[in-house]
Amino acid sequence: MNFRYNSWDLRFKEPFGAIPAGSAVTIRVHSTNTENIRLRTFFDGQEQFYPMLPAGDPGMHTCTLTLPETPGILWYDFSFDYQGRTYRYGTHSDGFGGDGQIYEAYPPSYQITLYKETRKLPRWYTDGIMYQIFPDRFFRGSHPNFSPSYPKNSLMHGNWSDSPHYFRNDKGEIQYWDFFGGNLAGIIEKLDYLKSLRISILYLNPIFLSGSNHKYDTADYRRISPEFGDEALFKELCQEAKKRGISVILDGVFSHTGDDSVYFNKYGTFDSLGAAQSPESPYYPWYRFEHYPDDYECWWGVKSMPNVEEMNPDYQNFIYGDADSVIRHWIAAGASGWRLDVADELPDPFIAGIKAALLKEREDTVLIGEVWEDASRKIAYDKLREYFWGDELDAVMNYPFRQAFIDYFLGNKNSQETAQMMMSLYENYPRDAFRGSMNLIGSHDRRRILTVLGEAPELHTEAEKENFRLTEDKRSLAVKRLKLLSLIQMTFPGVPCIYYGDEAGLEGYEDPYNRGAYPWGNEDHELLAWYKKITALRADHLAFARGLWYPLKSQDDVFAYIREYKKISCLCLFNRHSQKTYTFEHPSLAGKTATDLLKNESFTIGSIDIAPLSAMILRINEPVERIWP
């Protein structure tokens with residue numbers, strides 16, 4: 001019995017990947033000694049079968065479909081008869097696409113994402129390098145027109161190098177918040193530092209009024225928190241950033257507010273009549289009370305973050321519908337886009353409304369969502385989400401990228417498994433969404449990347465986590481791995497995002513220890529020099545922002561891929577092994593001239609040896625033959 005299909009190979013499926021709704025796709029299989037080959041599709045609850053007819057080369061069978069006019073996911077697989085029995089063919093159980101396998105029962109299906117064609121993502125975003133700042137922890141700046149003030153019952157660290165800490169009461173509730181004094185003035189002062197890293201996009205964790213240091217419990221969406229600055233200072237930041245070619249993206253927390261807010265006003269802090277104070281409050285319909293006033297729906301059970309009713313028309317108008325809505329106001333003030341916190345918690349029509357408001361205010365804005373999985377097939381609250389169908393998100397935070405390459409460098413996945421995971425996203429995402437993926441390796445929600453790559457142990461007490469530092473040997477290994485991982489980040493499709501301080505060598509377990517202050521004056525200079533080198537590589541070679549991507553077959557420890565742009569190929573090779581040198585071979589490379597972009601040396605390719613824990617980025621002035629792993 002012979003049957004083969006590979007959704008990543010143009011010989012079997014054309015065009016590749018996600019496809020505009022209403023267009024055509026040609027699907028081919030190779031099969032001998034079989035009969036009655038059928039293609040089965042499933043879309044919007046409707047199952048259909050299509051005969052696959054012999055065509056072209058011996059054994060090839062083909063079917064051309066006109067796809068549905070509406071966006072969504074079309075699932076498909078195959079059936080055929082062999083020696084009087086019916087068999088089926090689908091993707092592997094991991095659902096990643098590519099080569100599949102034969103089943104006797106209904107198989108896991110292949111996916112085609114159908115989307116509505118809209119505008120192309122702006123070049124300032126897809127060509128950019130992003131830097132994420134947790135504002136309180138970046139730099140304590142001064143400004144003649146700004147005097148910071150802090151919430152009551154807060155603690156200001158006198159020493160910038162202190163560890164962040166949660167001060168809790170007997171119930172585990174945070175009793176008072178600690179601050180380090182970072183502010184918008186400090187970011188303005190350090191814009192030239194960011195420019196030295198070739199940063200062109202600045203993503204800020206929330207900056208709006210709130211009593212916490214993280215600001216995910218918003219008190220007033222129209223006010224900058226006074227320890228950070230004010231609207232005038234924000235506008236100055238955007239103007240000064242623009243002079244340096246840097247665009248600013250804000251963090252939008254719209255699935256919930258703070259209980260201590262203008263809108264809920266549980267403690268009577270504000271002059272407004274809050275929802276927790278009276279059912280007559282204009283904000284009362286924004287919230288979901290079970291038993292008024294103390295029993296209300298809140299974000300993951302956190303009582304300080306009451307959930308809002310996003311489908312309430314007044315709330316929608318306030319956030320995005322009005323001409324001076326929150327979304328449009330801060331774009332008019334100088335921001336270039338928004339990142340949506342917990343996008344899974346926001347209804348699709350709400351996200352679509354935000355997107356429409358953004359484009360109405362300015363055509364070249366972007367909308368990024370916090371989604372932790374493959375966003376094309378994400379199901380939240382029993383509903384398939386419509387993020388990439390054309391009216392919602394431009395891109396998402398690429399947590400699968402982060403996890404895949406951590407697993408690769410820690411030896412949990414081999415290079416082929418890693419390539420399959422990335423090819424799955426490449427296949428499932430519309431091309432612009434893939435190129436716009438926010439490729440992070442560190443964030444405010446995860447352990448510092450050096451701590452992860454240094455294989456830090458599982459610790460149980462806060463004191464242990466706060467005081468832990470990698471040993472010299474483990475840190476040396478972690479730095480070598482981070483150099484390789486960050487180089488993948490800079491040469492991979494998507495928008496690379498550096499979490500502040502990762503480039504300077506910060507360590508730390510999960511929140512709050514991953515939110516330590518940037519170590520000004522105590523940077524890891526070797527690591528910082530490396531980051532400046534690889535961000536320049538990314539910025540100076542458009543192949544890494546705009547080129548096609550495909551993986552190449554290699555040894556388990558060697559991750560290899562091509563970035564191809566305007567008939568120029570960049571061969572990217574990474575060896576994760578700490579002791580073994582590998583020789584990389586490809587039948588079409590021998591005798592070609594290559595330039596090593598890390599060493600700025602040219603040579604004629606013979607065998608390519610990759611030393612332990614090292615990488616090579618080779619520019620070849622012609623396409624390289626595509627051979628699938």
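Structure shown above.
Source: prediction; values computed, not measured.

A.B. asks: Can you walk me through the overall build of the protein chain in this structure?
C.D. replies: For the protein chain, the count of helices and strands is 15 helices and 38 strands. At 26 Å, the protein chain has a C-alpha radius of gyration in line with the 25 Å of a compact globule built from 629 residues. Each principal axis of the C-alpha distribution contributes one length, and for the protein chain these read about 80 × 55 × 45 Å. Within the protein chain, residue pairs in contact and separated by at least 24 positions form 69% of the contacts whose partners lie at least 6 positions apart. In the structure as shown, the protein chain presents an accessible area of about 25300 Å², 48% of it carried by carbon and sulfur atoms. If the 68 positive side-chain charges of the protein chain are averaged to one point and the 87 negative ones to another, these points end up 5 Å apart.

A.B. asks: Please explain the side chain of R40 as it appears in this structure.
C.D. replies: The residue R40 is located in strand β5 (residues 35–43) in this model. When its relative accessible area of 14% is taken as the criterion, R40 is described as buried. Within polar-contact distance, the side chain of R40 engages the side chain of E47 at 2.7 Å. Filtering out sequence-adjacent residues up to four positions away, R40 remains in contact with E47, Q48, F49, W75, Y76, D77, Y106 and S109.

A.B. asks: Before we go on, may I ask you to explain the nonpolar core in this structure?
C.D. replies: What tends to happen in soluble globular proteins is that the nonpolar side chains get buried as a cluster. Core analysis: the biggest nonpolar cluster contains 139 residues, and Y131, F138, F234, F254, W338 and F574 have the highest contact counts within it. By residue number, the principal contributor to this core is helix α13 (residues 472–491), which donates 9 residues. Membership of the second largest hydrophobic core comes to 25 residues, among which are Y5, I37, L74 and Y110.

A.B. asks: I'm lost on the pairing of strand β25 (residues 366–369) in this one. Help?
C.D. replies: On a regular strand, each side chain points to the face opposite its neighbour's, so the side chains alternate between the two faces of the sheet. Side-chain alternation along β25 places V366 and I368 on one buried face and L367 and G369 on a second face that is also buried. The pairing of strand β24 (residues 337–340) with β25 spans 4 bridges and is parallel. Residue pairing in the sheet places R339 in a bridge with I368 of β25. Handedness of the crossover joining β24 and β25 through helix α7 (residues 348–361) is recorded here as right-handed. Pairing between β25 and strand β28 (residues 395–396): 2 bridges, direction parallel. Residue pairing across strands places G369 opposite V396, the latter belonging to β28.

A.B. asks: So what exactly am I meant to see when it comes to the packing of α13 against helix α14 (residues 525–540) here?
C.D. replies: The description of two helices packed together rests on the angle between their axes and the distance between the axes. The contact between α13 and α14 brings their axes to 9 Å, and the two run at 15°. Taken together, the axes of α13 and α14 lie roughly parallel to each other. Crossing of α13 against α14: the hand is right-handed. On α14, the residues that touch V479, L482, K483, S486, L487, Q489, M490 and T491 of α13 are E526, L527, W530, Y531, I534, T535, L537 and R538. Of the residues belonging to the contact of α13 with α14, the class tally is 9 nonpolar, 4 polar and 3 charged.

A.B. asks: How do you make sense of helix α5 (residues 313–321) when you look at a structure like this?
C.D. replies: Along an α-helix, residues three or four apart share an orientation, since each turn contains 3.6 residues. All of the buried residues in α5 are Y315, Q316, F318, I319 and Y320. Down the axis, α5 shows its buried residues gathered within 165° of arc, on one side only. Packed against the buried residues of α5 are β20 (220–224), α6 (326–332) and α7. You can read the cap of α5 off the contacts: a side-chain oxygen lies 3.0 Å from the backbone nitrogen of D314, and it is on N312.

A.B. asks: Hey, could you run me through the packing of aromatic side chains in this one?
C.D. replies: A ring pair, where both rings are aromatic, is described by two values, the distance of the centres and the angle of the planes. Overall, the coordinates contain 65 aromatic pairs when judged by the stated rule. For the pair F3 and Y89, a centre-to-centre distance of 4.9 Å together with 45° between the ring planes defines the contact as tilted. A residue pair is termed long-range when its members are at least 10 positions apart, and F3 in strand β1 (residues 2–4) and Y89 in strand β10 (residues 85–90) qualify at 86 residues. Side by side, F3 and Y89 carry an identical accessibility label, which is buried. With 4.8 Å between their ring centres and 75° between their planes, Y499 and Y500 make a pair best called edge-to-face. Residues Y499 and Y500 agree in their burial class; the two are buried. When the ring centre of Y296 is taken as origin, the NZ or CZ atom of K303, which lies over that ring, is 3.9 Å away.

A.B. asks: Help me out: how do you make sense of helix α8 (residues 399–409) in this one?
C.D. replies: Judged by how many residues are buried, α8 sits mostly within the fold: 10 of 11 residues are covered. The secondary structure elements touched by the buried residues of α8 are α9 (415–428), β29 (438–440), α11 (449–453), α13, β32 (558–565) and β33 (568–575). Where α8 begins, the capping side chain belongs to N398, and its oxygen is found 3.2 Å from the backbone nitrogen of F401. G411 lies just past α8 and shows a positive phi near 85°.

A.B. asks: So what exactly am I meant to see when it comes to the state of the cysteines here?
C.D. replies: Scanning all chains against the criterion turns up 0 disulfides. With no disulfide of its own, C238 has C497 as its nearest cysteine by sulfur position, at a separation of 17 Å. For C238, a relative accessible area of 6% translates into the label buried.

Cut-offs used in this document
Residues numbered from 1 in each chain as written. Predicted model: local features only at pLDDT ≥ 70, side-chain atom pairs only at ≥ 80, totals over all residues. Heavy atoms only, no water. Helix = DSSP H or I, 4+ residues; strand = E, 2+ residues; numbered from the N terminus. Rg over C-alpha atoms; globule rule 2.2 N^0.38 Å. Contact = heavy atoms within 4.5 Å. Areas by Shrake-Rupley, 256 points an atom, 1.4 Å probe, with all protein chains shown as cover. Lys, Arg positive; Asp, Glu negative; His and termini not counted. Charge placed at Lys NZ, Arg CZ, Asp CG, Glu CD. Buried < 20%, exposed > 50% of the residue type's maximum accessible area, 1.4 Å probe, protein only. Polar contact = N/O pair within 3.5 Å; in protein donor to acceptor, adjacent residues only side chain to side chain. Core = buried A, V, L, I, M, F, W, Y, C linked by side-chain atoms within 4.5 Å. Pairing = 2+ DSSP bridges. Right-handed = clockwise from strand over helix to strand, strands pointing away. Axes fitted to C-alpha atoms, helices over the stretch in contact; angles between N-to-C directions. Parallel < 35°, antiparallel > 145°, perpendicular 65-115°, else oblique. Left-handed = near helix turned anticlockwise from the far one by under 90°. Nonpolar A, V, L, I, M, F, W, Y, C, P; charged D, E, K, R; others polar. Arc of directions from axis to C-beta. Phe/Tyr/Trp six-rings, centres within 6.5 Å; stacked < 30°, edge-to-face > 60°. Lys NZ or Arg CZ within 6 Å of the ring centre and 35° of its normal. Disulfide = S-S within 2.5 Å.

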